Amino acid sequence: SRHELTLPAALPRGSYSMFVDGRPLGEVGARQFTVPPLDVRLDADFGGKVRLVGYTFDATRTRLQLVWQAAPRADADYTVFLHLVNAAGERVAGTDAPPPVPASQWARGEVVVDERAVPLADGLLAGDYHLVAGLYRPEDGERLRTKSGQDRVGLQMVQVAGGREH
């Protein structure tokens, strides 16, 4: 017999076992191909390999959800950087880490939601900072460039007062 299996849209990426009457039937892989709601839509194409579709910023928790998409397919694993830069464009704080799923494992058009803490260093001087994001190859540090030639994309302005974001 034939049956159609509908998976919930919010089902996390992974492999799920299927059972019929308690007997294993096989596994199904779940991946996300629909872009979730975003605060800011960007559509920044990094080298024709990965797109930063946009992001959602949660100021109360100082968290950011970056939404990436294979465009058309990443051919290597990349590290994501999220840096806070001053008015001169100099990095004053930041984090570098791979996305939650290695980019080389993304299917064509797959959407990956990457939640990160906004990097606020202790002792950061009061002022306005710009949050930027990008990708690089960990083996040589070479950054992927956007179609406009930039090696990063500007995201959110962050105001720091007395060492704390608000």
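Residues numbered from 1 in each chain as written. Predicted model: local features only at pLDDT ≥ 70, side-chain atom pairs only at ≥ 80, totals over all residues. Heavy atoms only, no water.

## Some words on the side chain of Thr 79
Mapped onto the fold, Thr 79 is located in strand β6 (residues 79–85). Setting aside residues no more than four positions away along its own chain, Thr 79 makes contact with Asp 96, Ala 97, Pro 98, Gly 134, Leu 135, Tyr 136 and Pro 138. (Helix = DSSP H or I, 4+ residues; strand = E, 2+ residues; numbered from the N terminus. Contact = heavy atoms within 4.5 Å.)

## Examining the pairing of strand β9 (residues 127–136)
By the criterion of burial, β9 is predominantly enclosed, with seven of the 10 residues buried. In this sheet, β9 lies alongside β6 in antiparallel orientation, the contact comprising seven bridges. Bridge pairing in β9 places Leu 84 opposite Leu 131. Taken together, the six bridges between β9 and strand β10 (residues 153–161) define a ladder with antiparallel strand orientation. In the strand pairing of β10, Ala 133 is matched with Val 153. (Buried < 20%, exposed > 50% of the residue type's maximum accessible area, 1.4 Å probe, protein only. Pairing = 2+ DSSP bridges.)

## What about the sheet that holds strand β8 (residues 111–117)?
Pairing is antiparallel across the open sheet formed by four strands, whose spatial order is β3-β4-β5-β8. The two strands at the open ends of the sheet, each matched to only one other strand, are β3 (40–46) and β8. Ignoring which end each strand starts from, the neighbouring axes of this sheet average 25° apart. Pairing of strand β5 (residues 63–70) with β8 involves seven bridges; the strand directions are antiparallel. When the sheet's bridge partners are listed, Leu 66 is paired in β8 with Asp 114. (Axes fitted to C-alpha atoms, helices over the stretch in contact; angles between N-to-C directions.)

## Section: the environment of Ala 107
By the secondary structure assignment, Ala 107 is in the loop between β7 (91–97) and β8. Of the residues examined, Ala 107 reaches a relative accessible area of 18% and is grouped as buried. Between the C-alpha atoms of Ala 107 and Ser 148, which are 41 residues apart in sequence, the distance is 25 Å. In this structure Ala 107 touches Arg 31, Phe 33, Ala 70, Pro 72 and Arg 73, once residues within four positions along its chain are discounted.

## Structural notes on the nonpolar core
Core analysis: the biggest nonpolar cluster contains 32 residues, and Leu 64, Trp 68 and Leu 155 have the highest contact counts within it. Elements represented by at least two residues in this core include exactly β3, β4 (50–58), β5, β6, β9 and β10. (Core = buried A, V, L, I, M, F, W, Y, C linked by side-chain atoms within 4.5 Å.)

## Overview of the confidence of the model for the protein chain
Residues of the protein chain with pLDDT of at least 70 account for 97%, and the chain-wide mean is 88. In the model of the protein chain, strand β11 (residues 164–165) stands out as the element of lowest mean pLDDT, 46, in contrast to β6, which has the highest, 96. (pLDDT = per-residue confidence, 0-100.)

## What about unusual backbone geometry?
Residue Ala 71 is joined to Pro 72 through a cis peptide bond whose omega torsion reads -10°. Position of Pro 72 among the secondary structure elements: in the loop between β5 and β6. If you check the backbone angles, Asp 43 has positive phi at about 60° while not being a glycine. With respect to the secondary-structure elements, Asp 43 resides in strand β3. Relative accessible area serves as the criterion here: at 43%, Asp 43 is assigned to the partly exposed category.

## Structural notes on the pattern of salt bridges
Tallied over the full model, the rule gives 10 salt bridges. Its salt-bridge partner being Arg 63, residue Glu 115 comes within 2.9 Å of it at the nearest N-O pair. Of this pair, Glu 115 sits in strand β8 while Arg 63 sits in strand β5, and the two are 52 residues apart along the sequence. Relative accessible area serves as the criterion here: at 37%, Glu 115 is assigned to the partly exposed category. Accessibility expressed as a relative area gives 26% for Arg 63, which makes it partly exposed. Glu 142 serves as the salt-bridge partner of Arg 137, at 3.7 Å between the closest nitrogen and oxygen. Each of Asp 58, Arg 61, Arg 63 and Glu 115 takes part in salt bridges that share partners, so that together they form one network. (Salt bridge = Lys/Arg side-chain N within 4 Å of Asp/Glu carboxyl O.)

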